[in-house]
Amino acid sequence: MDLRDNPEEAAFRTEARAWLEANLPEDLKATRGGAARFEELGREWSRKLSDAGYAGLTWPKEFGGGGAPYTHQAILLEEMARAEAPQHIGVIGLGMAGPTIIAHGTDEQKSRYLAKILSAEEIWCQGFSEPGAGSDLAAVRTSAREEDDHFVVNGQKVWSSFAHIADWCILVTRSDPASEKHKGLTYLLVDMHSSGVEVRPLRQITGEAEFNEIFFTDVKVPRENVLAEVGQGWQVAMTTLLHERGTLGFALTGALEVAIKKLVALARERGVTDPVIRDRLAREWIDLQALRLTNYRALTQLVKTGIPGPEGSVAKLHWSEANQRLGKLALELIGPDSQVTDGNGYWQYLQLRSRGNTIEAGTSEILRNIIAERVLGLPRSR
Amino acid sequence: MDFAFTEEQEQLRREARSFLSERFPAERVAGLADSEAGWDEQSWAELAELGWLGVSVSEEAGGTGLGFLEEAVLHEELGRALYPGPFFSTLVVLPELGPEEQADAASGKTRWSFTLDGSLVPDLAIVDRVLTGDGSVAAEGETLETMDATRRFGRLTEPAAPAEHLRTRAFAALALEAVGISQRALEYAIEHAKTREQFGKPIGIYQAISHPISDSYVDTELSRSLAYWAAWCVAENDEQAPLVAAAAKARAAEAAVAVCERAIQVHGGIGFTWEHPLHRYYKRAQWIEAFGGYPAVQRAEVARHLVG
């Protein structure tokens, strides 16, 4: 056990910190979590990250990645949080589409898609959830009918972040109309510029539109855009979800750390003496440390065995609830003025946005089921 | 960055768990706790024989020459077994003693405890000496009926200076014990939810049962991370150790209490009986939560560090 960086990790940290200091534009620092402004500047920033070799750090070198150990990815995320640097705009491509294509794609698919994910030339979105298929993903009804050398896709997807600027979509479809549940699904890579694709932004609780509905009407998708085999969509989708939650811990904890630092600074500035507020602030700081250290334990396990440990499943569930408590605490600390959203509205945005944290990427109810059934071995509830 | 115990340390854990489950099964611990003495004095020689008492004592002073990370493994495992005896009390004091006293303690000849408030002493009736803020005194005083019968308090006849300098090590050890308590109470809850049937089904299929158990798992793992961090800080004499140990003790103690409460609820009526071991874990969890100040006291310390 040694919680310090080893010499090689320390060198990487120093290099990443210096690079961020030299390259992160002041106006890009996370003064507010909103998406609109970031979209304008995000591609350029992402290209910079990519040129410096910081995109796809752990991807194999043959696909343009850095071939670096997971520890480097963790250090980079920590340093980006410390510098308040926004993430690469292609988070869905980097964290979900890319790793799934690496795991299941043909050589042609790998060379066609991966490099452009890294360079942020092509942005990806995810087409999994539907109005009738949320937590129960196996209930998807968007159809893919095989015709000659292509599929014809019809249906509706929802809660799709980045769809309004995306070039490609990882889409789970039902290719066998007679099938039920996990069978008869096919995973497609769909060009978002195809005829018949319509994106409607969904305005959310914060007033912004970070996610969208996607309507597919007779959209033609070439057969070579099937990922893995026809009918294997469920297995491929599980690879995507494993990556969605697997690499998330450090990024989430990094964002929480930035927010807690800001809140501590605010409390200092105001000389907070209220023992109840001070107690809650200390509690959030302690839980942040617990999350951070749990990520380290999970990372050590991943590096040693190549298999993510059960600690990883804890991170998203606990982070989402911690972020919600933090948002409320910040507004209470500000007092009645918290209802006035003049200025950048950082805390108001965080508080409202945090309500989505226990819903997106697996609701807390589904995550508790996963822990109960897959980690603790309790009997299945459905 | 490497946040895991070594293979040797994990081996020590396996040995400890195997020894304790054989020598101190729940029924025996219950019997000892309900006895007048509260423990089996013979067991102290067994612990000395295993090298556990001198785990952090140098080999020159008759110890095993290992460090606080190995000691940490033992605190967690002894907590998990609810070992009744002054292991916690003695080991927290050991690094403060001279080589001869250390040798006597490591060999099992003398047992120690300490006072954090100048009055209450854990295990007073079954130790020989008590470390205070300005030296040590004979273990003389009144034995007090204590909610946790496996770790009874005594009150010194003469008030003494508090041994404040032991706080960090004591808090780290208690955080580790609390993790052992949480882990065991969680296992009881899982076992019961899998095997107890109502309405023709194991009750674990109901989310009103399984979700609180998932929360107990989350609480246990988060406090485990903090407790191991505190152990590492103590082992390395890290300057953050006092703050980290206080944070770990607060979080792990609160978690252990909550995990025990959820386990009792999952068990229904049987969880509320004297016969079932859960109440003993619940009482130890509360002992840990209270000792040296309830978690709000440690959080006030964290807040002073953060906000000033």
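For clarity, every value in this text was computed on a predicted model and none was experimentally measured. (Residues numbered from 1 in each chain as written. Chains lettered and ligands numbered in written order. Predicted model: local features only at pLDDT ≥ 70, side-chain atom pairs only at ≥ 80, totals over all residues.)

Undergrad: I would appreciate a short explanation of the overall build of chain A in the present structure.
TA: For chain A, the helix and strand inventory stands at 11 helices and eight strands. Over its C-alpha trace chain A gives a radius of gyration of 21 Å, about what one expects of a compact globule, namely 21 Å for 382 residues. Here chain A holds 382 residues, and 43% of them are scored as buried. Within chain A, residue pairs in contact and separated by at least 24 positions form 71% of the contacts whose partners lie at least 6 positions apart. (Helix = DSSP H or I, 4+ residues; strand = E, 2+ residues; numbered from the N terminus. Rg over C-alpha atoms; globule rule 2.2 N^0.38 Å. Buried ≥ 20, exposed ≤ 12 C-beta atoms within 10 Å, placed from the backbone. Contact = placed C-beta atoms within 7 Å.)

Undergrad: Sorry, what's going on with the overall build of chain B here?
TA: Broken down by element type, chain B carries 11 helices and eight strands. Here the C-alpha radius of gyration of chain B, 19 Å, is about what a compact globule of 308 residues would show, namely 19 Å. Reported as C-alpha extents along the three principal axes, the dimensions of chain B are approximately 65 × 50 × 40 Å. Looking at chain B as a whole, 55% of its 308 residues are labelled buried. At a minimum sequence separation of 6, the contacts of chain B that also span at least 24 residues come to 69%.

Undergrad: Is there a simple way to think about the sheet that holds strand E2 (residues 120-122) of chain B in this case?
TA: Two strands in a sheet stick together by hydrogen bonds in their backbones, pointing the same way (parallel) or opposite ways (antiparallel). Residues and elements named next belong to chain B. The three strands lie next to each other as E2-E6-E5, forming an open sheet whose pairing is antiparallel. Either end of the sheet is taken by a strand with one partner, and the two such strands are E2 and strand E5 (141-143). When the angles between neighbouring strand axes are averaged without regard to direction, this sheet yields 30 degrees. Direction of pairing for E5 relative to strand E6 (residues 153-156): antiparallel, over a ladder of three bridges. Residue pairing for E6: Gly141 is matched across the bridge by Leu156. (Pairing = 2+ DSSP bridges. Axes fitted to C-alpha atoms, helices over the stretch in contact; angles between N-to-C directions.)

Undergrad: Help me out: how do you make sense of the interface of chain A and chain B in this one?
TA: How big an interface is tends to be stated in terms of accessible area lost as the parts join. Opposite the 38 residues of chain A that make contact, chain B presents 37 residues. Listing elements by their share of the side of chain A that touches chain B, those giving two or more residues are helix H7 (248-270), helix H8 (275-305), helix H9 (311-334) and helix H11 (364-375) of chain A. It is H8 of chain A that provides the largest number of residues to the side of chain A that touches chain B, a total of 15 residues. Among the residues making up the side of chain A that touches chain B, the classes are represented as 20 nonpolar, six polar and 12 charged. (Nonpolar A, V, L, I, M, F, W, Y, C, P; charged D, E, K, R; others polar.)

Undergrad: Is there a simple way to explain the sheet that holds strand E3 (residues 129-132) of chain B in this structure?
TA: Residues and elements named next belong to chain B. With mixed pairing, three strands are arranged side by side in an open sheet as E1-E3-E4. For this open sheet the edge positions go to strand E1 (112-114) and strand E4 (135-138), each flanked by a neighbour on one side alone. Adjacent strand axes in the sheet meet at a mean angle of 35 degrees, parallel and antiparallel pairs treated alike. Two elements, E3 and E4, share four bridges in a ladder whose sense is antiparallel. Its bridge partner lying in E4, Leu131 is registered against Ser136.

Coordinates in, geometry out; function isn't part of it.
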